[in-house]
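# Analysis of the macromolecular model
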Amino acid sequence: MKTQVAIIGGGPSGLLLARLLQTRGIESVVLERKTKAYVLGRIRAGVLEQGLVSLMEQAGCADRLHAEGIAHDGTLISYGDEMFRVNFTEHTGKPVMVYGQTEVTRDLYGGLEQSSAQIVFNAEDVVIHNAHTDKPHVTYVVDGKPNRINCEFVAGCDGFHGVSRQTIPIEVRREYEKVYPFGWLGILSETPPVNHELIYANSPRGFALCSMRNENLSRYYIQCSLNDKPENWSDDAFWHELKRRIPTDQADKLVTGPSIEKSIAPLRSFVTEPMRWGRLFLCGDAAHIVPPTGAKGLNTAASDVHYLFNGLRDYYENQSTNGIDKYSEKALARVWKAERFSWWFSSLMHSYPDQSEFDLKMQIAELEFLRSNRAAQQAMAENYVGLPY
Ligand code: APR
Ligand code: PHB
């Protein structure tokens, strides 16, 4: 088989890139290790920056997002007995869109399938060859049969555990990592959200987040120990703990019900540099991970896709290598800002096992400052709605 861009990974990064390339008549093949059902079974965050919404529009996949997504003009932050609101539209002129990442992925599959894009599921043993030359190729196995794709570029969109990052020689790569000493226990329940906006809560018992997917589907999280297991938490125990971490007036009106999903996610900050090696370009989780506080994972993947798509478009339409040559530098500049915001917001909102009295006072002082200072709220709002591409 022959194509222009071989895309490794059929998560949101790979699908968005494939769909954008398709709108410009640039051919690609997506190789996904799992099945479509498996990819659509993963539950991830659900807050979209305007930049991603615009990319979905450009990809021709934004109809359902506009019909079902919920625009949020601000968010609530609580600590102790205090609760305050950061107003996004007042500070930035922009809201965020609450719409599940799983739905973004579903809409992208829909768009690609309608236009007969090439997506290969159950692609095992993917190997990227000669990425540092101008004739790369990719080999893989489906149903025990070996296959080969000759291509001009390879987009490594295969997430944190994929093969693309590992293809870049270790002596070329530099990796930066911070692992946080706690996780998030999350549940999804078919209950109305406790509040029409998200609530991020810093409580002495640990962080909590009240989020949502729609009017009758809520997503809640509580900070937990890394040794915890979802099966150790009954639904009742989860609701009880959540209520103790959010303001009393919210706890009193919280509607509880059976969970339809319950899982634990560890928190990590990770960046690899550079994001390009020859004709291989890393996008999304393959190159970086953020802790979920602030929901920057998918949004940061989207900005990578934006830079790569425009670079490839410039290459095919204007015979210019300028965009692809600058890809790593441009993508990383924005990645590090999203890393900083996610790290800052995580540090502000969680209880740390080794937190001293002094550290605690600093956290409270910073929350007080954010509550009472316009400039601090503006800085938070600008980061939350998404820095410019
Ligand atoms: N070969 C082919 N596909 C692979 C391989 C491989 N060796 N390894 C992983 N994959 C697939 C995975 O099965 C997955 O479907 O690559 C896809 C990567 O998808 P994600 O992990 O969702 O990463 P990405 O598309 O960059 O999305 C970034 O989504 O994962 C969240 O938290 C993340 O919000 C962030 C955003
Ligand atoms: C979610 O809805 O899953 C979500 C929302 C906001 C976050 C993280 C996760 O900061």
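These numbers come from a predicted model, not from an experiment. (Residues numbered from 1 in each chain as written. Chains lettered and ligands numbered in written order. Predicted model: local features only at pLDDT ≥ 70, side-chain atom pairs only at ≥ 80, totals over all residues. Heavy atoms only, no water.)

### With respect to the packing of aromatic side chains
For clarity, the threshold we go by: Only centres within 6.5 Å qualify two rings of Phe, Tyr or Trp (six-membered ring in Trp) as a pair; their planes then separate them into stacked at under 30 degrees, edge-to-face at over 60, and tilted for everything else. Put simply, DSSP H or I for four residues or longer makes a helix, DSSP E for two residues or longer makes a strand, and each gets a number counted from the N terminus. Burial classes: relative accessible area under 20% of the type maximum marks a residue as buried, over 50% as exposed, and values in between as partly exposed (1.4 Å probe, protein chains only).
This structure, assessed with the given rule, holds 24 aromatic pairs. Measuring from centroid to centroid gives 4.9 Å for Phe153 and Tyr315, while their planes differ by 90 degrees, and the two rings are edge-to-face. Highlighted residues: Phe153 in strand E12 (residues 153-156) and Tyr315 in helix H10 (residues 297-318), separated in sequence by 162 residues. With relative accessibility at 1%, the residue Phe153 sits in the buried group.

### A look at the site of ligand 2
Let me state the cut-off plainly: One heavy atom within 4 Å of a molecule or strand makes the whole residue count as near it. N or O atoms within 3.5 Å of each other form a polar contact, as long as, within protein, one can give a hydrogen and the other can take it, and as long as residues adjacent in sequence are counted only when both atoms are side-chain atoms. Here the Shrake-Rupley method, with its probe set to 1.4 Å, supplies the accessible areas, and only the displayed protein chains count as covering residues. Throughout, the ten residues Ala, Val, Leu, Ile, Met, Phe, Trp, Tyr, Cys and Pro are labelled nonpolar, Asp, Glu, Lys and Arg are labelled charged, and all others, Gly among them, are labelled polar. The split of the chain into domains comes from an automatic or database domain assignment.
As a structural note, the neighbourhood of ligand 2 is formed by 15 residues, with Tyr200, Ser211, Arg213, Tyr221 and Gly294 the closest of them. Ser211 places a side-chain nitrogen or oxygen 2.6 Å from an oxygen atom of ligand 2. Here an oxygen atom of ligand 2 and a backbone polar atom of Ala295 are 3.2 Å apart. Starting from 280 Å² of accessible surface for ligand 2 in isolation, the protein chains cover 99%. For the shell around ligand 2, the elements supplying multiple residues, two or more each, are strand E15 (206-214) and strand E16 (217-224). No other element matches E15, which puts three residues into the shell around ligand 2. Among the residues forming the shell around ligand 2, the class breakdown is nine nonpolar, four polar and two charged. When residues of the shell around ligand 2 are sorted by domain, at least three fall in each of domain 1 (5-71 + 96-177 + 268-345) and domain 2 (180-267 + 351-385).

### Quick word on the site of ligand 1
With respect to spatial proximity, 25 residues lie near ligand 1, and among them Ser13, Glu32, Arg42, Arg44 and Gln101 are the closest. Ser13 has a polar side-chain atom sitting 2.7 Å from an oxygen atom of ligand 1. At 2.3 Å, a side-chain N or O of Arg44 approaches an oxygen atom of ligand 1. In isolation ligand 1 offers 700 Å² of accessible surface; the protein chains occlude 92% of this area. Counting residues per element, the ones that place at least two in the shell around ligand 1 are helix H1 (12-23) and H10. For the shell around ligand 1, the element with the most residues is H10, which contributes three residues. For the shell around ligand 1, the class distribution of residues is ten nonpolar, eight polar and seven charged.

### What to know about the environment of Tyr140
The line we're drawing: Contacts were defined at the residue level, with two residues in contact if any of their heavy atoms lie within 4.5 Å.
Note that Tyr140 resides in strand E10 (residues 137-142). For the pair Tyr140 and Tyr327, spaced 187 residues apart in sequence, the C-alpha separation works out to 27 Å. With near-sequence residues (within four places) excluded, Tyr140 lies in contact with Met1, Leu31, Val120, Ala123, Glu124, Asp125, Val126, Lys145, Pro146, Asn147, Arg148 and Ile149.

### Brief notes about empty space enclosed by the protein
Keep this limit in mind: The distinction between a cavity and a pocket rests on a 1 Å grid over the protein atoms alone: a 1.4 Å probe fits inside a cavity but cannot get out, while a pocket stays open yet meets protein on both sides within 12 Å along at least five of seven lines, and a residue with an atom within 4 Å of a point counts as lining. Grid points are joined across faces, edges and corners, and a volume is the space filled by probe spheres set on the points.
Going through the model one piece at a time under the given rule, you end up with four cavities of 30 Å³ or more. If you add up the space inside the largest cavity, you get close to 60 Å³. Surrounding the largest cavity, Pro12, Val39, Arg42, Arg44, Gln101, Thr102 and Thr105 form its lining. By residue number, the principal contributor to the lining of the largest cavity is helix H6 (residues 101-114), which donates three residues. Residues of the lining of the largest cavity, tallied by class, amount to two nonpolar, three polar and two charged.

### A few points about the sheet that holds strand E1 (residues 5-8)
Here is the rule: Pairing between two strands is assigned when DSSP locates at least 2 bridges connecting them.
Here we have six strands laid out as an open sheet, ordered E8-E2-E1-E12-E19-E18, and mixed in their pairing. With partners counted over all chains shown, the strands left at the sheet margins are strand E8 (118-120) and strand E18 (276-277), one partner each. Two strands pair when backbone bridges link them, and strand E2 (residues 28-31) and E8 are joined in this way by three bridges, in the parallel orientation. Counted as the bridge partner of Val30 is Ile119 from E8.

### Details of the domain arrangement of the protein chain
Operational definition: Note on terms: buried area is the combined drop in 1.4 Å-probe accessible area of two parts once they are placed together, counting the loss on both. In the sections that follow, a salt bridge refers to a side-chain nitrogen of Lys or Arg positioned within 4 Å of a carboxyl oxygen of Asp or Glu.
Here the protein chain is described as being made up of domain 1 (5-71 + 96-177 + 268-345) and domain 2 (180-267 + 351-385). Put simply, the middle of domain 1 and the middle of domain 2, counted by C-alpha atoms, are 29 Å apart. Counting residues at the interface gives 24 residues for domain 1, matched by 20 residues for domain 2. In total, domain 1 and domain 2 occlude about 1,900 Å² of area from one another, counting both sides; carbon and sulfur atoms represent 66% of this. Remark: the boundary between domain 1 and domain 2 carries zero salt bridges. Summed over the shared surface of domain 1 and domain 2, the result is five residue pairs in polar contact (both at pLDDT 80 or more). For the side of domain 1 that touches domain 2, the secondary structure elements donating two or more residues are strand E7 (96-98), strand E17 (259-273) and helix H12 (327-349). Per-element accounting of the side of domain 1 that touches domain 2 gives the leading share, six residues, to H12. Looking at side-chain class alone, the side of domain 1 that touches domain 2 contains twelve nonpolar, six polar and six charged residues.

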